[in-house]
Amino acid sequence: MVDEKGILFILSGPSGVGKGTVRKKLFECTQDLMYSISMTTRDKRQGEVDGVDYFYKTREEFESLIEQNALLEYAEYVNNLYGTPREYVDNMLEAGHDVFLEIEVQGAMQVKENFQGGVFIFLIPPSLEELKNRIVNRGTESNDLVLNRLKEATNEIKMMDAYDYVVVNDDIDSAVDKIKSIIKSEHCKRERVAKQYKQLLEGEHDARTIN
Ligand code: 5GP
């Protein structure tokens, strides 16, 4: 098969739905995906590592990246900035690797506007009650922050319509399986496969004309 560009997958969903957990599990059992590590101005949580979980930046550093147009998308979320480094994503896709973003909905909508061909996956909790329990039980945040995150989450759920796929996170393994199926299906999409075949056929035609 002719080499093709990679596909950009965007996983989004309300805070506390388990995006991070699902993403980590997905990366444990896939070799072909490249994870784009985001930039953030938020404080490092216990156990997080700079350059693994995020690239931690000051607000000044982050604003300078915005000015340099170095971010594919960025958003302010619960008083912190989060963004995707443009160069990494472009380079990986160009080299034929699929790239995976795990971002909140405002950022996902920017990718949708500015980038052609992204595949948008929305992860939802089985119920709002369940979502609240997950945010509260994580226990890493104060009551005010929990309330803020829950409010943000309710608004985020309303954004589902803008996505190509919806995955219910009732069970991590099953959510991961569904995402893997989406990735496989996208590679089988007629438009993508047909484009490759046309290139192949044109190559054949050129070779015959030369001989
Ligand atoms: P957390 O602070 O819990 O790590 O992340 C808060 C929210 O920011 C999550 O919904 C997460 O998916 C999102 N997020 C992480 N990285 C990015 C990014 O690069 N861009 C955007 N727009 N959101 C991000």
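Each residue is numbered by its place in its chain's sequence as written, counting from 1. In keeping with the predicted nature of the model, local features appear solely for residues at pLDDT of at least 70, side-chain atom pairs appear and are counted solely at 80 or more, and the whole-chain, interface and lining totals rest on all residues. With hydrogens and water excluded, all non-hydrogen atoms of the structure serve as input to the side-chain values.

Q: I'd like a description of a negative patch on the surface, backed by residues and values.
A: Patches in this entry comprise residues that are over 30% relatively accessible and not in a salt bridge; like charges within 9 Å are linked, as are nonpolar side chains (Val, Leu, Ile, Met, Phe, Trp, Tyr) within 5 Å. For the area figures, the Shrake-Rupley method with a 1.4 Å probe applies, and any residue is considered shielded solely by the protein chains shown. We define a salt bridge as a contact between a side-chain nitrogen of Lys or Arg and a carboxyl oxygen of Asp or Glu at a distance within 4 Å. His residues and chain termini do not enter the charge count, which takes Lys and Arg as positive and Asp and Glu as negative. To locate a charge, take NZ of a lysine, CZ of an arginine, CG of an aspartate or CD of a glutamate. On the surface, a cluster of negative charge is contributed by Glu-60, Glu-61, Glu-63 and Glu-67. Strands are runs of DSSP state E lasting at least two residues, helices are runs of H or I lasting at least four, and both sets are numbered from the N terminus onward. Relative to the assigned elements, Glu-67 resides in helix 2 (residues 59–67).

Q: Outline the pattern of salt bridges, listing residues and values.
A: Taken as a whole and assessed by the stated rule, the structure comprises eight salt bridges. Among the salt bridges present, the one from Glu-186 reaches Lys-189, with a minimum N-O distance of 3.0 Å. Burial classes: relative accessible area under 20% of the type maximum marks a residue as buried, over 50% as exposed, and values in between as partly exposed (1.4 Å probe, protein chains only). Judged by relative accessible area, which is 2%, Glu-186 ranks as buried. What you see here is one network of salt bridges that share partners, running through Glu-186, Lys-189 and Arg-192.

Q: Outline the pairing of strand 7 (residues 98–102), listing residues and values.
A: Of all the five residues making up strand 7, five are buried; the element is thus mostly covered by neighbouring parts of the structure. What you see with strand 7 is no split at all: Asp-98, Phe-100 and Glu-102 on one side and Val-99 and Leu-101 on the other are buried throughout. Here, any two strands with at least 2 DSSP bridges between them count as paired. Bridge count between strand 1 (residues 8–12) and strand 7: four bridges; the pairing is parallel. The partner of Ile-10 across the bridge, within strand 7, is Leu-101. Direction of pairing for strand 2 (residues 33–35) relative to strand 7: parallel, over a ladder of three bridges. Bridge pairing links Leu-33 to Asp-98 in strand 7.

Q: With reference to specific residues and values, describe the pairing of strand 6 (residues 80–85).
A: With respect to burial, strand 6 is a largely interior element, five of its six residues being buried. In terms of strand pairing, strand 3 (residues 39–40) meets strand 6 through two bridges, oriented antiparallel. Following the sheet pairing, Thr-40 is matched in strand 6 by Tyr-82. Where strand 5 (residues 71–77) meets strand 6, six bridges bridge the pair, whose relative direction is antiparallel. Each bridged residue has a counterpart across the sheet, and for Glu-76 the counterpart in strand 6 is Leu-81. Following strand 5, the chain reverses through two residues before pairing antiparallel with strand 6; Val-78 in that reversal takes a positive phi of roughly 45 degrees.

Q: So what's going on with the sheet that holds strand 4 (residues 55–56)? Which residues, and what values?
A: Strands sit in the order 4-3-6-5 across an open sheet of four strands; the sheet is mixed. Of all strands in the sheet, those with a lone pairing partner are strand 4 and strand 5, marking the two edges. Along the sheet, helix 2 contacts strand 3, strand 4, strand 5 and strand 6; its crossing angle with strand 5, the most-contacted strand, is approximately 140 degrees. What makes two residues a contact is simply this: any of their non-hydrogen atoms within 4.5 Å. Axis definition: a line fitted to C-alpha atoms, over the contacting stretch in the case of helices. Angles run 0 to 180 degrees between N-to-C directions.

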